[in-house]
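Single-letter residue listing:
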Amino acid sequence: MNTALTKSILLSGITLSLMSACSPQTKNNDEQHVVNDKKDNQQREKIEITESKEIKTESMASDIEVTKQRASGPKAKAMLMRVAPGQAYHQRIVLPPPIIAPIHTETPNTEKYSDDPENELKLTKTQPVSTFSIDVDTGSYTNSRRMINLGKLPPSDAVRIEEFINYFDYQYQAPSKVNTPFNLYTEVAASPWDQNRQLLKIGLKGFEIEKSALKDANLVFLLDVSGSMNSENKLPLLKRSLLMLSKQLDQDDTVSIVVYAGAAGVVLKPTKGNEIHEISMALDKLQAGGSTNGGQGIKLAYQLAHQNFKKNGVNRVILATDGDFNVGTQSIDALKEIIKKNRKSGIALTTLGFGRGNYNDALMEQLADIGNGNHAYIDNINEARKVLVDEISSTMQIIAKDVKIQVEFNPDQVAEYRLIGYQNRQLKQEDFNNDKVDAGEMGAGHTVTALYEITLADSKNKQIDDLRYQNKQVKESNLKSNELAFIKLRYKAPSSEKSNLLSKVIMRSDIKTDSEQLSNSLGFSAAVSGFAQLLKGGKYMQDFTYQDVIALAKLNKGVDEFGYRAEFIQLVRAAEAL
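As a further point, take the overall build of the chain. When its secondary structure is counted, the chain shows 15 helices and 17 strands. Out of the 578 residues in the chain, the part that is buried amounts to 47%. Residue pairs in contact within the chain that sit at least 24 positions apart in sequence constitute 80% of those at least 6 positions apart. Surface accessibility of the chain: about 30000 Å² in total, with carbon and sulfur atoms responsible for 51%.

If you want it as structure tokens, here you go:
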């Protein structure tokens with residue numbers, strides 16, 4: 001009885017428990033407990049992480065304190081630099097405000113160059129005579145070098161081949177007496193870019209004058225200080241360049257400085273050349289600003305040059321500018337007339353170009369040509385030293401003026417020819433004997449080189465067909481059958497208006513049969529001309545490449561005292577990569 005009752009009570013308890021567990025309220029309570037347990041666990045994890053970070057931070061701070069105590073002297077900062085980044089990793093990172101990139105607007109390029117296509121091939125039977133003026137300018141080469149070093153090839157019109165060639169000295173021997181102003185050199189050999197043609201080189205070397213023997217100089221620096229000159233490669237470089245020139249002068253020389261911007265003025269009255277402190281102070285005070293009144297400045301400079309004119313001396317205005325004439329004498333023709341008038345009175349004009357972006361190369365070259373001077377472009381302080389220190393005799397003192405060259409080719413030996421470069425120096429055939437026609441000047445020690453590419457009459461690679469109705473009968477009595485060409489030169493002494501004549505015959509037997517027989521002067525000048533022709537489009541260069549230029553230049557590098565030839569080779573490599 002008792003046993004049965006006990007079993008009944010136990011079964012009732014189990015039944016009640018099961019019913020309670022299955023009820024909705026009980027289920028909700030259990031779920032709430034689970035949620036609470038999860039929240040508790042998450043909170044405990046956060047606390048543990050925070051505690052861990054605090055322990056690490058305290059440990060790192062302790063490490064830094066120990067490091068500070070142990071490190072001393074110059075090593076302390078270096079040790080702290082190695083520890084600090086670890087501390088920064090556990091600290092709160094504060095982001096800087098966003099950086100808004102500036103909008104860069106490229107300055108428009110307004111540089112000006114004269115239209116300068118290459119000379120065309122001439123048929124000897126119809127045009128046997130070629131006449132041109134010499135050119136001693138070098139500005140095109142240095143200006144092109146500037147562009148290549150900035151990572152871009154120069155425009156075709158910026159490349160004047162003769163100025164590339166004449167940038168370099170070719171070790172021609174100078175005459176020993178001053179009454180012979182220059183020596184004449186010629187050479188004929190196979191063309192490096194076409195073995196079926198030949199190159200004829202005509203080289204001149206001027207009489208050399210020691211710096212100590214230079215004539216007394218009356219120099220007027222005409223300096224552009226307009227707003228367009230306000231950059232490091234303009235006015236600051238200009239001032240350093242002219243200071244270098246001033247240090248070459250002595251007490252018998254005089255220096256004046258005229259500046260122009262919106263207006264022109266004298267900043268240094270005629271001063272003895274050895275008063276370098278006064279000259280330096282005047283240059284140092286110059287600042288750029290305002291527009292450009294170049295015409296007014298030139299008039300004032302010539303006035304000063306006349307006031308201090310040195311009879312039998314060097315009288316010269318040196319114009320240093322980017323050529324951006326935009327106010328004042330706007331008529332370029334009127335400006336040229338001023339320069340021409342003063343040239344006739346014995347005052348020459350040299351132009352020095354500076355800067356980029358608005359450089360007026362065309363005008364700078366023209367003004368120097370009219371002013372019986374030379375044009376150089378100064379792209380760095382080394383070029384300033386070359387032009388105004390190393391070559392001061394050539395830059396300052398003229399040994400011959402109105403120098404003209406005329407070449408008559410023998411049509412029985414030469415079928416075709418072309419003059420490489422000198423496009424804007426070409427003269428009419430009758431201008432050669434006309435002493436009224438102006439031509440280029442040659443300074444003391446100057447080197448001038450001209451190259452013709454010729455095609456022999458018996459060549460199988462002519463570019464111009466023979467004329468159908470041309471008379472092929474040539475009388476031996478009227479022709480020296482073995483002569484290739486007849487070269488004539490005219491020049492005037494600096495103080496004379498009457499020209500002198502020199503001449504030389506080039507024979508067929510003068511041709512070197514193997515291109516390996518090239519002299520270093522012809523080989524390197526050919527490499528330089530080849531490079532310039534490639535920059536102008538390479539119309540006549542066949543398959544000649546920049547690599548061929550490099551190989552030819554390296555083979556004929558020769559003496560390179562100042563490193564200009566090595567620099568040229570690197571310049572070609574840079575151009576090839578652009």
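Attention now moves to empty space enclosed by the protein. Going through the model one piece at a time under the given rule, you end up with three cavities of 30 Å³ or more. In terms of lining, the largest cavity is formed by Val-136, Arg-316, Asn-372, Gly-373, Asn-374, Ser-394, Thr-395, Ile-398, Glu-441, Met-442, Gly-443 and His-446. Broken down by secondary-structure element, the contributors of at least two residues to the lining of the largest cavity are helix 12 (392-396) and strand 13 (440-443). Broken down by element, the residue count for the lining of the largest cavity peaks at three residues, all from strand 13. Residues belonging to the lining of the largest cavity are distributed by class as follows: three nonpolar, seven polar and two charged.

Let's shift gears to the sheet that holds strand 1 (residues 122-123). The strand order across the open sheet built from six strands is 1-12-14-4-3-17, with neighbouring strands paired in mixed fashion. The sheet is open, and its two edges are formed by strand 1 and strand 17 (511-512), each paired on a single side. Across the face of the sheet, helix 13 (residues 520-535) comes into contact with strand 3 (182-191), strand 4 (194-206), strand 12 (414-420) and strand 14 (447-456) while running at roughly 80° to strand 14.

This part is about the packing of aromatic side chains. Counted under the stated rule, the structure contains 22 aromatic pairs. Ring centres 4.4 Å apart and planes at 35° place the aromatic pair Tyr-141 and Tyr-167 in the tilted group. Residue Tyr-141 is located in helix 4 (residues 139-149), and its partner Tyr-167 is located in the loop between helix 5 (161-165) and strand 3; the two are separated by 26 residues in the primary sequence. With relative accessibility at 3%, the residue Tyr-167 sits in the buried group. Over the face of the ring belonging to Tyr-167 we find Lys-386, whose NZ or CZ atom lies 4.0 Å from the ring centre. One Lys or Arg, Arg-565, reaches over the ring of Phe-524 and ends 4.3 Å from the middle of that ring.

Once that is clear, we can look at the pattern of salt bridges. This structure, assessed with the given rule, holds 30 salt bridges. Across the salt bridge formed by Glu-567 and Arg-145, the nearest N and O atoms sit 3.1 Å from each other. One end of the pair, Glu-567, is in helix 15 (residues 564-577); the other, Arg-145, is in helix 4, with 422 residues separating them in the sequence. Across the pair Arg-508 and Asp-458 runs a salt bridge, and its minimum N-O distance is 3.1 Å.

Let us look at helix 10 (residues 361-370). Burial analysis of helix 10 places eight of its ten residues in the buried class, the great majority of the element. Those residues of helix 10 that sit buried are Asp-361, Ala-362, Leu-363, Met-364, Glu-365, Leu-367, Ala-368 and Ile-370. Looking at the buried positions of helix 10, the neighbouring elements they touch are helix 5, strand 8 (314-321), helix 9 (332-344), strand 9 (348-353) and strand 10 (375-377). Where helix 10 terminates, the next one or two residues include Asn-372, which has phi positive at roughly 55°.

Further remarks concern the side chain of Glu-111. Structurally, Glu-111 is set in the loop between helix 3 (75-89) and strand 1. Here the side chain of Glu-111 touches Tyr-113 through a polar contact of 2.5 Å, side chain to side chain. Looking at Glu-111, its side chain comes within polar contact range of the main-chain nitrogen of Gly-357, at 2.8 Å. Residues contacting Glu-111, with those up to four places away along its chain left out, are Arg-146, Met-147, Arg-356, Gly-357, Asn-358 and Tyr-359.

Attention shifts here to the environment of Gly-355. Following the sequence through the fold, Gly-355 ends up in the loop between strand 9 and helix 10. According to the relative accessible area criterion, Gly-355 is buried, its value standing at 2%. Residues Gly-355 and Leu-238, spaced 117 residues apart in sequence, show a C-alpha to C-alpha distance of 9.6 Å. Excluding anything up to four places from it in sequence, Gly-355 contacts Arg-146, Asn-233, Lys-234 and Tyr-377.

Right, let's get into the layout of surface pockets. Space inside the largest pocket adds up to approximately 1400 Å³. In terms of lining residues, the largest pocket is bounded by 49 residues, among which Arg-343, Asn-372, Ile-398, Lys-401 and Glu-441 are the most central. Listing elements by their share of the lining of the largest pocket, those giving two or more residues are strand 8, helix 9, helix 10, strand 11 (398-409) and strand 13. Top contributing element to the lining of the largest pocket by residue count: helix 9, with five residues. Of the residues belonging to the lining of the largest pocket, the class tally is twelve nonpolar, 14 polar and 23 charged. What the second largest pocket holds in volume is close to 870 Å³. Considering the residues around the second largest pocket, the lining is formed by 35 residues, among which Asp-169, Lys-205, Asp-390, Glu-391 and Gly-445 are closest to the centre. Elements supplying a minimum of two residues to the lining of the second largest pocket: strand 10, helix 11 (381-390), helix 12 and helix 15. Partitioning the lining of the second largest pocket into residue classes produces twelve nonpolar, eleven polar and twelve charged.

Quick look at the sheet that holds strand 10 now. Spatial ordering of the open sheet is given by 7-6-5-8-9-10, a layout of six strands whose pairing is mixed. Sheet topology places strand 7 (264-272) and strand 10 at the edges, where each strand pairs with a single neighbour. For this sheet the average axis-to-axis angle between neighbouring strands, irrespective of direction, equals 15°. Note that strand 6 (residues 254-260) and strand 7 share six bridges and pair antiparallel.

Definitions and cut-offs
- Residues numbered from 1 in each chain as written.
- Predicted model: local features only at pLDDT ≥ 70, side-chain atom pairs only at ≥ 80, totals over all residues.
- Heavy atoms only, no water.
- Helix = DSSP H or I, 4+ residues; strand = E, 2+ residues; numbered from the N terminus.
- Buried < 20%, exposed > 50% of the residue type's maximum accessible area, 1.4 Å probe, protein only.
- Contact = heavy atoms within 4.5 Å.
- Areas by Shrake-Rupley, 256 points an atom, 1.4 Å probe, with all protein chains shown as cover.
- 1 Å grid on protein atoms, 1.4 Å probe; cavity = no way out; pocket = protein on both sides within 12 Å on 5 of 7 lines; lining within 4 Å.
- Points joined across faces, edges and corners; volume = space filled by probe spheres on them.
- Nonpolar A, V, L, I, M, F, W, Y, C, P; charged D, E, K, R; others polar.
- Pairing = 2+ DSSP bridges.
- Axes fitted to C-alpha atoms, helices over the stretch in contact; angles between N-to-C directions.
- Phe/Tyr/Trp six-rings, centres within 6.5 Å; stacked < 30°, edge-to-face > 60°.
- Lys NZ or Arg CZ within 6 Å of the ring centre and 35° of its normal.
- Salt bridge = Lys/Arg side-chain N within 4 Å of Asp/Glu carboxyl O.
- Polar contact = N/O pair within 3.5 Å; in protein donor to acceptor, adjacent residues only side chain to side chain.

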